[in-house]
Amino acid sequence: MGIALLFWIAATGVLVGGRTAVESAREKGVPAYIGARTAHAALSDADRAAWQSFRSGAAQLTGPGQRFRDDITTAGDSLSRIAEVDAGGEAGRDLLRSVNAQVVTYQGLVEQADATYRKGLEELGYAYLTYASRMLHADGGLLDRIDEIAERDRRAVGDRHGSFWVTDAAVAAVCLIAGALLAVLGHVQVAMARRFRRVLNLPLLAASVLLLGLTAWVAATFLRAGDAFAAAAERGLPAFDRTVRAQIAEADAGARALREDRPAAAGGGLDLAAAERAQRPLAARLGGATDTGGLVAGLPAGTAAVAGLAALGIWLRLREYRR
């Protein structure tokens, strides 16, 4: 039954191709994107925290403050996670190395501002701090380069989501082959009924029923996985991004006000707990997209059973004929 083999090859191809696309997004693209957006939010908040410390006078005692140090640590950890899953090739690695070097430079400028400020050279300290802020926010600056990494990884997730293997067309192709196999089984059943004057061939009938069930299982699994992946890419990722964008906007607004020596709202923009909560639906949907419900083992076993039952039905009729 060559067409049964073709069905198995097509269904397995869609299964493997779809899982590869989802796992690539789940293990590389999405973590890298989250890391880049978190690093941006942390550095924006670090800028706000440093200005808050200087404007309040706390810098005389605590320097840029514990929140600034925590934000720098968060940014460094996020960039390290990007390096672990980076799929940007040599150009991506060069960009990431450049970003890490700029983070170190930014931190050094803030520390220089702190050291100068503590010596009583407040205007020079503010000059260093202003230069550090400009390094973050300037066109083509550190935050823009981090956003470049984020956009690259967002496109990578979009490419995986747009892969043929997770589209309805792939499911339709598998169902079309299954329909052709079912038509062959029906034709054989009818032809043998006419030739041998036996209405029913139970093995062939069982093969047809099993094929229908197997096709329904395959189609339902593929469609569910595709819907979960679509929900992750089209709703889960943007929902996370909205949460982080709101935090970035709050931090940037606070830093801008403090740079202009205006009052700023207490607290900062970075809320890692809120960011983690926004990630959970995304992670759950990506997990659902990789759940094939036993199809990895059931597909070859079911296809072999269909082929075996069809062969048995034909063999039984031929044996009767030879008698």
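A quick note: this is a predicted structure, and the numbers were derived from the prediction, not measured.

**Structural notes on the overall build of the protein chain**
Thinking step 1. What the protein chain contains, in helices and strands, is 10 helices and zero strands.
Thinking step 2. Here the C-alpha atoms of the protein chain give a radius of gyration of 30 Å, more than 25% beyond the 20 Å that 2.2 N^0.38 yields for 323 residues.
Thinking step 3. Structurally, the protein chain occupies a C-alpha span of about 110 × 35 × 25 Å along its principal axes.
Thinking step 4. For the protein chain, buried positions account for 45% of its 323 residues.
Thinking step 5. The contacts of the protein chain with a sequence gap of at least 6 include a subset with a gap of at least 24, amounting to 82%.
Thinking step 6. By element, 58% of the accessible surface of the protein chain is carried by carbon and sulfur atoms, the whole surface being about 15,700 Å².
Thinking step 7. Taken as two groups, the 37 positive and 34 negative side-chain charges of the protein chain have centres that lie 14 Å from each other.

**Here's the deal with the nonpolar core**
Thinking step 1. Membership of the largest hydrophobic core comes to 59 residues, with the highest contact counts inside it found for Leu43, Phe68, Val99, Tyr106 and Leu142.
Thinking step 2. Those elements that provide at least two residues to this core are helix H1 (2–56), helix H3 (66–85), helix H4 (89–118), helix H5 (122–137), helix H6 (142–161), helix H8 (202–259) and helix H9 (272–290).
Thinking step 3. Per element, the largest residue contribution to this core is 17 residues, and it comes from H1.
Thinking step 4. Non-local contacts of Leu43, meaning those with residues more than four positions away in its chain, are made with Ile72, Ala75, Val103, Tyr106, Leu136, Leu142, Leu143 and Ile146.
Thinking step 5. Ile177, Met192, Leu204 and Phe222 belong to the second largest nonpolar core, which has 25 residues in total.

**Re unusual backbone geometry**
Thinking step 1. In this model, Asp261 sits at a positive phi of 60°, which is unusual for a non-glycine residue.
Thinking step 2. Structurally, Asp261 is set in the loop between H8 and H9.

**Examining a nonpolar patch on the surface**
Thinking step 1. On the surface, Leu200, Leu202, Leu205 and Val209 cluster together into a nonpolar patch covering about 390 Å² of accessible area.
Thinking step 2. Among the structural elements, Leu200 can be located in the loop between helix H7 (168–196) and H8.

**Quick word on H3**
Thinking step 1. Under the 1.5 Å per step criterion, the end-to-end length of H3 is 29 Å for 20 residues, consistent within 8% with the ideal 28 Å.
Thinking step 2. Within H3, burial applies to Phe68, Asp71, Ile72, Thr74, Ala75, Ser78, Leu79, Ile82 and Val85. All buried residues of H3 lie within an arc of 160° about the axis, which places them on one face of the element.

**What about the confidence of the model for the protein chain?**
Thinking step 1. Looking at the protein chain as a whole, its pLDDT mean stands at 89, while 94% of the residues score no less than 70.
Thinking step 2. Per-element confidence in the protein chain ranges from a low mean pLDDT of 81 for helix H10 (residues 295–322) to a high of 94 for H6.

**As for the environment of Leu214**
Thinking step 1. Topologically, Leu214 is positioned in helix H8.
Thinking step 2. Classification of Leu214 as buried rests on a relative accessible area of 5%.
Thinking step 3. For the pair Leu214 and Tyr106, spaced 108 residues apart in sequence, the C-alpha to C-alpha distance is 59 Å.

**Details of the pattern of salt bridges**
Side chains that differ in charge, positive against negative, can pair when their charged atoms come close.
Thinking step 1. If you walk through the whole model with that rule in mind, you get 14 salt bridges.
Thinking step 2. As a salt-bridge pair, Asp261 and Arg55 come within 3.9 Å of each other at their nearest N and O atoms. In this pair, Asp261 sits in the loop between H8 and H9 while Arg55 sits in helix H1, placing the two residues 206 residues apart along the sequence.
Thinking step 3. On the accessibility criterion, Asp261 (55% relative accessible area) is exposed.
Thinking step 4. By relative accessible area, Arg55 is classed as partly exposed at 29%.
Thinking step 5. Notably, a salt bridge pairs Asp94 with Arg97, separated by 2.3 Å at the nearest N-O pair. With Asp94 and Arg97 both in helix H4 and three residues apart, this pair spans about one turn of that helix.
Thinking step 6. Exposure remark for Arg97: the relative accessible area of 47% places this residue in the partly exposed category.
Thinking step 7. A single network of salt bridges, built from pairs that share partners, joins Arg37, Asp147, Asp241 and Arg245.

Rules and cut-offs
- Residues numbered from 1 in each chain as written.
- Predicted model: local features only at pLDDT ≥ 70, side-chain atom pairs only at ≥ 80, totals over all residues.
- Heavy atoms only, no water.
- Helix = DSSP H or I, 4+ residues; strand = E, 2+ residues; numbered from the N terminus.
- Rg over C-alpha atoms; globule rule 2.2 N^0.38 Å.
- Buried < 20%, exposed > 50% of the residue type's maximum accessible area, 1.4 Å probe, protein only.
- Contact = heavy atoms within 4.5 Å.
- Areas by Shrake-Rupley, 256 points an atom, 1.4 Å probe, with all protein chains shown as cover.
- Lys, Arg positive; Asp, Glu negative; His and termini not counted.
- Charge placed at Lys NZ, Arg CZ, Asp CG, Glu CD.
- Core = buried A, V, L, I, M, F, W, Y, C linked by side-chain atoms within 4.5 Å.
- Patch = residues over 30% accessible without salt bridge, like charges linked within 9 Å, V, L, I, M, F, W, Y side chains within 5 Å.
- Salt bridge = Lys/Arg side-chain N within 4 Å of Asp/Glu carboxyl O.
- Expected span 1.5 Å × (residues − 1).
- Arc of directions from axis to C-beta.
- pLDDT = per-residue confidence, 0-100.

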